[in-house]
Amino acid sequence: MASSPDPSHDDTISSRISPSCPPDTQRVLTAAWAHDLAAVKKLLDTPGKASVQDPATGETPLHAAIRSCGAPSEEDDDPADLEAAKKVVYELLLWGAIWNDVDDRNETPGCVAQRLGRRELYNLCVEAGVRAEMLFGVMEGYEELESVDGEEEEEGEDIEVIDMDADADAEMVVVGEDGEEAPELVNVESSGQNGAAEEDEEEEAPRFQPPKDETEADVNSEAYLRSKLTYSDGKLVDDDGNGVMMAWETDIMRRSVDALLPGKEPGKRILNIGFGMGIIDTMFAETKPAKHHVIEAHPGVLEHISSPGSKFGSAWEESGPAPGDFKIYKGKWQEVCQQLLEEGQVYDAIYFDTFGEDYSQLRKFFTEFIPGLLDGEGRFGFFNGLGADRLICYDVYTKVAELHLTDAGLDVDWDVIDVDMSHLAEAGKGEWEGVKRRYWTLDSKFSPALYRLPTCTFLG
Ligand SMILES: C[S@@+](CC[C@H](N)C(=O)[O-])C[C@H]1O[C@@H](n2cnc3c(N)ncnc32)[C@H](O)[C@@H]1O
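Residues numbered from 1 in each chain as written. Predicted model: local features only at pLDDT ≥ 70, side-chain atom pairs only at ≥ 80, totals over all residues. Heavy atoms only, no water.

An unreviewed UniProt entry annotates the protein as Arginine N-methyltransferase 2 of Parachaetomium inaequale. Taken verbatim from the UniProt record of the protein, the Sequence similarities (unreviewed entry) comment is "Belongs to the class I-like SAM-binding methyltransferase superfamily. RMT2 methyltransferase family." Its UniProt record, at the heading Subunit (unreviewed entry), says of the protein: "Monomer." (UniProt positions renumbered as here; feature names shortened; annotations may be inferred.)

(A) Inspection of the pattern of salt bridges at higher detail. Taken as a whole and judged by the stated rule, the model has 22 salt bridges. Note that Arg105 and Asp11 form a salt bridge whose closest N and O atoms lie 3.4 Å from each other. One end of the pair, Arg105, is in the loop between helix 5 (79-94) and helix 6 (109-116); the other, Asp11, is in the segment before helix 1 (13-16), and 94 residues separate them in sequence. By relative accessible area, Arg105 is classed as partly exposed at 25%. Among the charged side chains, a salt-bridge network with shared partners connects Asp11, Arg16, Glu59, Arg67, Asp103, Asp104, Arg105, Glu107 and Arg115. (Salt bridge = Lys/Arg side-chain N within 4 Å of Asp/Glu carboxyl O. Helix = DSSP H or I, 4+ residues; strand = E, 2+ residues; numbered from the N terminus. Buried < 20%, exposed > 50% of the residue type's maximum accessible area, 1.4 Å probe, protein only.)

(B) Local environment of helix 13 (residues 333-343). Here helix 13 has its buried residues at Trp333, Gln334, Val336, Cys337 and Leu340. Across the axial projection of helix 13, the buried residues extend over an arc of 165°, all falling on one side. Turned more than 90 degrees away from the buried face of helix 13 sit Glu335 and Glu342, all of them exposed. Where the residues of helix 13 are buried, they touch strand 4 (269-273), strand 5 (291-296), strand 6 (326-330), strand 7 (347-352) and helix 14 (359-373). Phi for Gly344, located one or two positions after helix 13, is positive at around 75°. (Arc of directions from axis to C-beta. Contact = heavy atoms within 4.5 Å.)

(C) Inspection of the site of the ligand at higher detail. Near the ligand lie 23 residues; those nearest to it are Tyr224, Gly276, Ile280, Glu296 and Asp353. Tyr224 is positioned such that a nitrogen or oxygen atom in its side chain is 2.6 Å from an oxygen atom of the ligand. A distance of 3.0 Å separates a nitrogen atom of the ligand from a polar side-chain atom of Glu357. Contributing elements (two or more residues each) for the shell around the ligand: strand 3 (243-246), helix 10 (279-286) and helix 13. (Near = heavy atom within 4 Å. Polar contact = N/O pair within 3.5 Å; in protein donor to acceptor, adjacent residues only side chain to side chain.)

(D) Representation of the confidence of the model for the protein within the structure. Residues at a pLDDT of 70 or more form 78% of the protein, whose mean pLDDT is 83. Within the model, pLDDT remains below 50 along residues 1-5, and this stretch shows 16 contacts once partners closer than five positions in the same chain are excluded. Scored below 50 in pLDDT, residues 141-202 makes 130 contacts in the model with residues more than four places away or belonging to other chains. (pLDDT = per-residue confidence, 0-100.)

(E) Main features of the nonpolar core. In terms of nonpolar packing, the biggest core is built from 70 residues, with Leu92, Phe365 and Phe380 touching the most fellow members. Residue assignment places this core across two domains, with domain 1 (13-200) and domain 2 (221-458) each supplying three or more. Setting aside residues no more than four positions away along its own chain, Leu92 makes contact with Ala32, Val40, Leu44, Ala50, Pro61, Leu62, Ala65 and Ala97. By size, the runner-up hydrophobic cluster in this structure holds 39 residues, among which are Leu236, Val237, Ala259 and Val435. (Core = buried A, V, L, I, M, F, W, Y, C linked by side-chain atoms within 4.5 Å. Domains from an automatic or database assignment.)

(F) Main features of the pairing of strand 5. Most of strand 5 sits out of view: 6 of its 6 residues are buried. Of the two faces of strand 5, both are covered, the one formed by Lys291, His293 and Ile295 as well as the one formed by His292, Val294 and Glu296. Pairing geometry for strand 4 and strand 5, over 5 bridges, is parallel. Residue pairing across strands places Ile273 opposite Ile295, the latter belonging to strand 5. Viewed along the sheet, the connection from strand 4 through helix 10 into strand 5 turns out right-handed. Relative to strand 6, strand 5 runs parallel, the two being bridged by 5 bridges. Bridge pairing links Ile295 to Tyr329 in strand 6. (Pairing = 2+ DSSP bridges. Right-handed = clockwise from strand over helix to strand, strands pointing away.)

(G) Focus on the packing of helix 7 (residues 119-139) against helix 15 (residues 391-407). Between helix 7 and helix 15, the least distance of the axes is 9 Å, while the angle of their chain directions is 50°. As far as their axial angle goes, helix 15 and helix 7 are oblique. In the crossing of helix 7 with helix 15, the sense of the turn from one axis to the other is right-handed. The residues of helix 15 that touch helix 7, namely those facing Tyr122, Cys125, Val126, Gly129, Val130, Glu133 and Met134, are Leu391, Ile392, Asp395, Val396, Tyr397, Lys399, Val400, Leu403 and His404. Looking at the contact of helix 7 with helix 15 residue by residue, the class counts come to 11 nonpolar, 2 polar and 3 charged. (Axes fitted to C-alpha atoms, helices over the stretch in contact; angles between N-to-C directions. Parallel < 35°, antiparallel > 145°, perpendicular 65-115°, else oblique. Left-handed = near helix turned anticlockwise from the far one by under 90°. Nonpolar A, V, L, I, M, F, W, Y, C, P; charged D, E, K, R; others polar.)

Right under this line is the structure:
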């Protein structure tokens, strides 16, 4: 099999399937590695088998099926082998293989495909991620999910595959087309994001422990809103060293204002959620709006806003066309937006950029509040940093957000812009000096440091 183009990655079978790997797991991994579809099908006889992991390397059958393809090579590439690999990947996904399990190098199967330059296999992982996350969204709050043996399973059930990339030459596949009984697509259990069911036979076997990244930010909204913040040159950082807002995002903010207020005509009604460093609010203020409302919840940010020298203190509030037109609303948007709805406030442009909140909150905002707060002809944008420390997560979340936006009656236009990575490439250096974790690391063969800037309008 071909080897990785990156010498720091040993992608040989001997380095990935360890001698200590339990025989059952070894058999599935080896069959997946060899793209032996018949053997894989035979071995996938119980839930969880598709996502077994070598306890030493964290290799899953998906990793194995993708890794063994190696990097594309004009001399050695056998198209039949790629087709065989795709079939094995479909089969594994069909049986609940987990799209985002990481191995001992902190790579998901999609990360391996990306590193090797295997776009078609990468796209299959993205599609699987989108399906899993959509299902996860629906299942939220449910404790137990049906296993693959569940009663509601239907014979020959087709699984819709979403076209992630119209330009890619990846063949889209409908699994279950052979009329065989199709298992559920993903098997989510309460212990993990999309965790596989435990495998009885291997209960005693040592389980793979994913590598722990010491810099991994475990940010949550409550803790963040209690944290002490520090404004320094070009950044706003919490007391755990997490970058809340950074000056390198200025270009993204500028482009967002351009997209939300084309022509920048004065007299618009603007709502911004999350003041941060006031970068976007300064730009909004320059357009001479008729109404400019800002929602901010953090006491440290509010103190900064009302401190001497701030552009958005009481003098700014008093400078509005009428009382209340220029206003900082103090509190969480979850509560303030309810008040704005009750007041009947409507805006031409709404921007959403908070910190310490997960995707469910962004979704809540555009589903529950945008329909009431945005003018019929208005535009809505948000900082699109979801999953921006791993390309496959960024791709999955772009698509998931797009599907949920459509559900909420919104059309989204993605403006793809460059991010200058020259000062962002290394942890702890350049822009990241004094910041615990790089929250933007996207730079790859497929997407060289691209930011997808969303502009949403009402459908139809
Ligand atoms: C990334 S910063 C915004 C940066 C801003 N776009 C700029 O241009 O400087 C996020 C801001 O959202 C605020 N925030 C976080 N959670 C919030 C919530 N639930 N309600 C209101 N503001 C919140 C944070 O305190 C922080 O000031």
